[in-house]
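Observations on the model geometry
Chain residues, written in single-letter form:
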Protein chains: 2
Amino acid sequence: MVRRNEIVDLSARLFAANGYAATGIREIGDAAELARGALYYYIDSKESLLGEIHNRVMDPLLDQTRNIVGLKASATTRLRLISEVLLTQIIEHQDHVWVFLHEYRSLTGERRTTFKRKRDEFENLISDVLSAGVESHEFQIDDLRLTMLAFLGMHNYTYQWIHGASAVDPVKLSKLYCDIFLAGIAAGSPGDGV
Amino acid sequence: MVRRNEIVDLSARLFAANGYAATGIREIGDAAELARGALYYYIDSKESLLGEIHNRVMDPLLDQTRNIVGLKASATTRLRLISEVLLTQIIEHQDHVWVFLHEYRSLTGERRTTFKRKRDEFENLISDVLSAGVESHEFQIDDLRLTMLAFLGMHNYTYQWIHGASAVDPVKLSKLYCDIFLAGIAAGSPGDGV
DNA sequence: GTCTATAGGGTGATAGAC
DNA sequence: GTCTATCACCCTATAGAC
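To start, this report covers the structure provided alongside it. Keep in mind it's a predicted model, so treat the numbers as computed, not measured.

1. What to know about the protein's contact with DNA strand C
Residues in contact with DNA strand C amount to 14 residues; listed here are only the nearest, Ile25(A), Tyr40(A), Lys46(A), Ala35(B) and Tyr42(B). Per the 4 Å cut-off to the protein, sugar and phosphate atoms form 63% of the nearby atoms of DNA strand C. Lys46(A) places a polar main-chain atom, nitrogen or oxygen, 3.0 Å from a phosphate oxygen of DNA strand C. The side chain of Tyr42(B) places a nitrogen or oxygen atom 2.6 Å from a phosphate oxygen of DNA strand C. Sort the elements by how many residues they give to the surface near DNA strand C and helix H3 (residues 36-42) of chain B lands first, with four residues. Split by residue class, the surface near DNA strand C holds seven nonpolar, five polar and two charged.

Structure representation (structure tokens):
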């Protein structure tokens, strides 16, 4: 079972480096120092590896985010915490995150619907915090969904340029993103049409 | 030559829908109603199609952006114009943009270096406008590169969710993004450490 | 310009020996 | 648990007939 996890991690590295479709089961076997027959003792299929990589990032991210949203704190504070948690995952698990943000369309059937459900829940949690901030007059937001996507885009796109970049501190980057975003949606800011 | 362009466009659609590596030359032939032999009368290789898709988006984008940066206008205005031009490309040429933002790592050799050079130039043009805004005291920016990437990420990530979404107006979306971003980097905003 | 046939080499997955 | 051999199929690209 430990061996299986090693194989999932090394697959994430290969998929992130060369793409899911372009990576052969033979390369995974080579990296694991296992012939193909032996490899299939540990895995069910190539796609099952893809599914496990997704879960390995998405499940802890959802857990942490649910906890943060449930906190008795201002919307501003909770949004900053979500930002830190998300960026920490993106930066510290670059390979897994690359795969889950880049290759999710290669999932099929039940694995695909499960993953879509989790992503939707994550987006809804962010929208909930933005909504709460409007209620409490912390934020002024015209279009909730597009604003949520602007927040998510600024964060998620990080996976594209962080690869191979020299060390970036997730807390510092989170502060930079949130300082921009929170000033941009602050009640009384120039964007509110007053 | 017209036929060739049709094949490039239909390839963009297939690559965006199913991924570059997962799309076979046979599927492209089927979509063009051409046997594989005849298809190769029009194209040099599968990768040449990928290269042409990239150029079809990147070249006009760079042209327009160079022109905007050269305008005698405030940094704020020029940044809003770049945002509109970029989002118009992303929304009106969804398939081509998907391919160029998602599959550029499948380019090899000279095609790859050429494309990287163009992307770098585009990023530098944005950084130039941000710099100009700092000079003119329109903007307050700590880390120029990370701030440029925050801007780019918010915009580029749009390609991920725009696919299949109902019609979105690029001008409206640009205003939403820029209202947030410009308030976030405005001189005298909460993020500047005053 | 378009076709069929084929080269030369991959693919994911399984069977069965050890 | 690990191996080799193999199945059935797919791939990009080219040759040469029409």
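2. Digging into the state of the cysteines
A covalent bond bridging the sulfur atoms of two cysteines is what the word disulfide describes. Applying the stated criterion to the full structure yields zero disulfides over all chains. With no disulfide of its own, Cys178(A) lies 19 Å from the sulfur of Cys178(B), the closest cysteine sulfur. On the accessibility criterion, Cys178(A) (1% relative accessible area) is buried.

3. Observations concerning the pattern of salt bridges
Residue and element names in this part refer to chain A. Counted according to the given criterion, the structure contains 22 salt bridges over all chains. Across the pair Asp 63 and Arg 66 runs a salt bridge, and its minimum N-O distance is 3.0 Å. Placement of the pair is Asp 63 and Arg 66 together in helix H4 (residues 46-69), with a separation of three residues, close to one helical turn. Assessed through its relative accessible area of 44%, Asp 63 is described here as partly exposed. Relative accessible area serves as the criterion here: at 37%, Arg 66 is assigned to the partly exposed category. Residues joined in a network through salt bridges with shared partners are Asp 63, Arg 66 and Glu 121.

Cut-offs applied
- Residues numbered from 1 in each chain as written.
- Chains lettered and ligands numbered in written order.
- Predicted model: local features only at pLDDT ≥ 70, side-chain atom pairs only at ≥ 80, totals over all residues.
- Heavy atoms only, no water.
- Near = heavy atom within 4 Å.
- Polar contact = N/O pair within 3.5 Å; in protein donor to acceptor, adjacent residues only side chain to side chain.
- Helix = DSSP H or I, 4+ residues; strand = E, 2+ residues; numbered from the N terminus.
- Nonpolar A, V, L, I, M, F, W, Y, C, P; charged D, E, K, R; others polar.
- Disulfide = S-S within 2.5 Å.
- Buried < 20%, exposed > 50% of the residue type's maximum accessible area, 1.4 Å probe, protein only.
- Salt bridge = Lys/Arg side-chain N within 4 Å of Asp/Glu carboxyl O.

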